[in-house]
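These are the residues of each chain, in order.
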Amino acid sequence: MAYDRTTIAEGHEALSDKRILLIVGGGIAAYKALELTRLLRKAGIGVRPILTRAGEQFVTPLSLAAISEDKVYSELFSLTDEAEMGHIELSRSADLVVVAPATADLIAKAVHGHANDLASTTLLATDKPVLMAPAMNVRMWEHPATRRNVAQLKADGVLFVGPDEGAMACGEYGFGRLAEPPVIFEAILAALEGPAARPLAGKRAIVTAGPTAEPIDPVRVLTNRSSGKQGFAIAQALAELGAEVTLVAGPVAVPTPVGVKRVDIETAREMLSACEAALPADIAVCVAAVSDWRPESAAGTKMKKGAAGPPTISLVENPDILATLSKSPRRPALVVGFAAETNDVEAYAKAKLAKKGCDWIVANDVSVAGTMGGDDNAVSIVTTDGVERWDRTAKSEVARKLAERMAQALG
């Protein structure tokens, strides 16, 4: 089941009986736990918070209680709670235990089985799956002790989401930022749904999207009208099925899908280099409208009008990314190409399938108004077994169906 992160709302009946035990560790990123709680409650998932003493320095129990609509727990030796063996009840009352942010201290306590506060005792006593979202200074994240601890927890079956790379409150830059709440939310859904809902978990995918831009001079480029929408939708759909996705994107103004690694490029040669750097992979989906040719040489300064008339631009052929990936010694198990045509769509697609050596060609007629740059698409899936035609629908729906088909193909 796919969930729209921007309108996670009303009425996910399948989730209404699910409960999360949310442990909020200490760190500036703790404020994001409030947004995560809001997303979970909006989806109908119950949230019971445990707030550590350090966490209380960044968010208040009142804030968490108001958003979670539940009591906030913090004391291990509470007379009222522990009279009923509260830490045991808490540890087993939920479907999933989530630690966000998971500080270096909480991770270390969990790996060594410490139990000197409510959060660590609950982690030791739980018999439910645990998902950790780390957040800490980049040096702390890269420290050998933290790396050993994370490796051991993963070996013990603990799930992880993040951390992200970026600027931190301490002024440093690197990995250690807490994953954004929608990303953690997706990881929670995946953990609740189980492996059947994430058939591409453990698989790696490369998706190319958008146009390429080949420089003529410092201000002019040779490009095309591709919006990147279909490729970005496919990257998102693959990620939602559990794949680790690298999206190699030409110059487009489309938001990066949640949970997807994006590599921005301009030229066809840069796109090929980025794709090869992302290998090995299980899936490659070449959606991008790559320029077939590029200027043999780009002018170092802006070309000016003159009495001699327009300049002559000599073109040379660009590398064939689809064919290169299809014939690579590290060839992905499934290579899918796209064919944007204006006439004889299926005939050209069949010829392209044979020439490139890929497994599928997804063909579409871009002469239809609203296809290139629009939100809808009608495609034909061309394989050696024949042609399957799909009716015109939203590009997001095309992406979902393609991702599911790819998961089936990989078994």
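A quick note: this is a predicted structure, and the numbers were derived from the prediction, not measured. (Residues numbered from 1 in each chain as written. Predicted model: local features only at pLDDT ≥ 70, side-chain atom pairs only at ≥ 80, totals over all residues. Heavy atoms only, no water.)

Help me out: how do you make sense of the overall build of the protein chain in this one?
Tallying secondary structure elements over the protein chain gives 14 helices and 21 strands in all. Here the protein chain holds 411 residues, and 48% of them are scored as buried. For the protein chain, contacts bridging at least 24 residues in sequence account for 67% of all contacts bridging at least 6. Put simply, the protein chain shows about 19600 Å² of open surface, and 52% of that area lies on carbon and sulfur atoms. Computing the positive centroid from 44 side-chain charges and the negative centroid from 50, the protein chain places the two 5 Å apart. (Helix = DSSP H or I, 4+ residues; strand = E, 2+ residues; numbered from the N terminus. Buried < 20%, exposed > 50% of the residue type's maximum accessible area, 1.4 Å probe, protein only. Contact = heavy atoms within 4.5 Å. Areas by Shrake-Rupley, 256 points an atom, 1.4 Å probe, with all protein chains shown as cover. Lys, Arg positive; Asp, Glu negative; His and termini not counted. Charge placed at Lys NZ, Arg CZ, Asp CG, Glu CD.)

Would you take a moment to explain the domain arrangement of the protein chain for this structure?
When the parts of a complex come together, some accessible area is lost, and that lost area is often used as the size of the interface. Annotation of the protein chain at the domain level lists domain 1 (17–197) and domain 2 (204–293 + 313–410). Using only C-alpha atoms to locate each centre, domain 1 and domain 2 end up separated by 38 Å. (Domains from an automatic or database assignment.)

Honestly, the packing of aromatic side chains in this entry has me stumped. Any pointers?
Working definition: an aromatic ring pair is given by the centre-to-centre distance plus the angle between the planes. Counting across every chain of the model gives 0 aromatic pairs. Its end group placed over the ring of Phe160, Lys154 keeps NZ or CZ at 5.7 Å from the ring centre. Geometry around Trp390 places Lys401 over its ring, the cationic atom sitting 4.2 Å from the centre. (Phe/Tyr/Trp six-rings, centres within 6.5 Å; stacked < 30°, edge-to-face > 60°. Lys NZ or Arg CZ within 6 Å of the ring centre and 35° of its normal.)

Quick question: what am I supposed to make of the UniProt feature "binding site: CTP" (unreviewed entry) in the protein chain here?
Using the residue numbers shown here, the UniProt feature "binding site: CTP" (unreviewed entry) corresponds to Asp292, Lys302, Pro319, Asp320, Ile321, Leu322, Phe338, Lys352 and Lys356. Across 65 residues of sequence, these annotated residues are also dispersed in space, with a maximum C-alpha separation of 37.0 Å. Here Ile321 is to be found in helix H12 (residues 321–326). Taking relative accessible area as the criterion, Ile321 reaches 5% and is therefore assigned buried. Setting aside residues up to four positions removed in sequence, Ile321 forms contacts with Ala268, Met271, Leu272, Cys275, Cys286 and Val290. In this fold, Lys356 is placed in helix H13 (residues 345–356). According to the relative accessible area criterion, Lys356 is buried, its value standing at 12%. Discounting residues that sit within four places of it in the chain, Lys356 has contacts with Asp320, Leu322, Ala323, Ser326 and Lys327. Only 2.3 Å separates the side chain of Lys356 from the side chain of Asp320, close enough to count as a polar contact. (UniProt positions renumbered as here; feature names shortened; annotations may be inferred. Polar contact = N/O pair within 3.5 Å; in protein donor to acceptor, adjacent residues only side chain to side chain.)

Would you take a moment to explain the UniProt feature "active site" (unreviewed entry) in the protein chain for this structure?
Mapped onto this numbering, the UniProt entry annotates "active site" (unreviewed entry) at Cys170. Considering the arrangement of structural elements, one finds Cys170 in the loop between strand S6 (164–167) and strand S7 (173–177).

Help me understand the pattern of salt bridges, please; the structure alone is not making it clear to me.
Where charged atoms from two side chains of opposite charge approach closely, those side chains can pair. Evaluation of the coordinates by the stated rule reveals 19 salt bridges. The partner of Arg19 in a salt bridge is Asp70, with the nearest N and O atoms 3.0 Å apart. Separated by 51 residues along the polypeptide, Arg19 in strand S1 (residues 19–24) and Asp70 in the loop between helix H2 (61–68) and helix H3 (79–82) bring together distant segments of the chain. With its nearest N and O atoms 3.6 Å apart, the salt bridge here joins Glu180 to Arg177. Owing to a relative accessible area of 29%, Arg177 belongs among the partly exposed residues under this scheme. One salt-bridge network, held together by shared partners, links Arg19, Arg48 and Asp70. (Salt bridge = Lys/Arg side-chain N within 4 Å of Asp/Glu carboxyl O.)

How should I be thinking about the packing of helix H1 (residues 32–42) against H2 in this particular structure?
Direction vectors running N to C along H1 and H2 enclose 15 degrees, while the axes themselves pass 9 Å from each other. Here H1 is positioned roughly parallel relative to H2, judged by the angle of their axes. The two elements H1 and H2 cross, and the hand of that crossing is right-handed. Here Leu34, Thr37, Arg38 and Arg41 of H1 come into contact with H2, specifically with Ser63, Leu64, Ile67 and Ser68. Its residues assigned to classes, the contact of H1 with H2 comprises 3 nonpolar, 3 polar and 2 charged. (Axes fitted to C-alpha atoms, helices over the stretch in contact; angles between N-to-C directions. Parallel < 35°, antiparallel > 145°, perpendicular 65-115°, else oblique. Left-handed = near helix turned anticlockwise from the far one by under 90°. Nonpolar A, V, L, I, M, F, W, Y, C, P; charged D, E, K, R; others polar.)

Got a minute to help me understand the packing of helix H5 (residues 104–112) against helix H8 (residues 144–155) in this structure?
How two helices pack is summed up by the angle between their axes together with the distance between the axes. Contact pair H5 / H8: the axes reach a minimum separation of 9 Å and the direction vectors enclose 50 degrees. By the angle class used here, H5 and H8 are oblique. The way H5 lies across H8 gives a crossing that is left-handed. Facing Ala104, Ile107, Ala108, Ala110, Val111 and His112 of H5, the residues of H8 in contact are Thr146, Asn149, Val150, Gln152 and Leu153. Among the residues making up the contact of H5 with H8, the classes are represented as 7 nonpolar, 4 polar and no charged.

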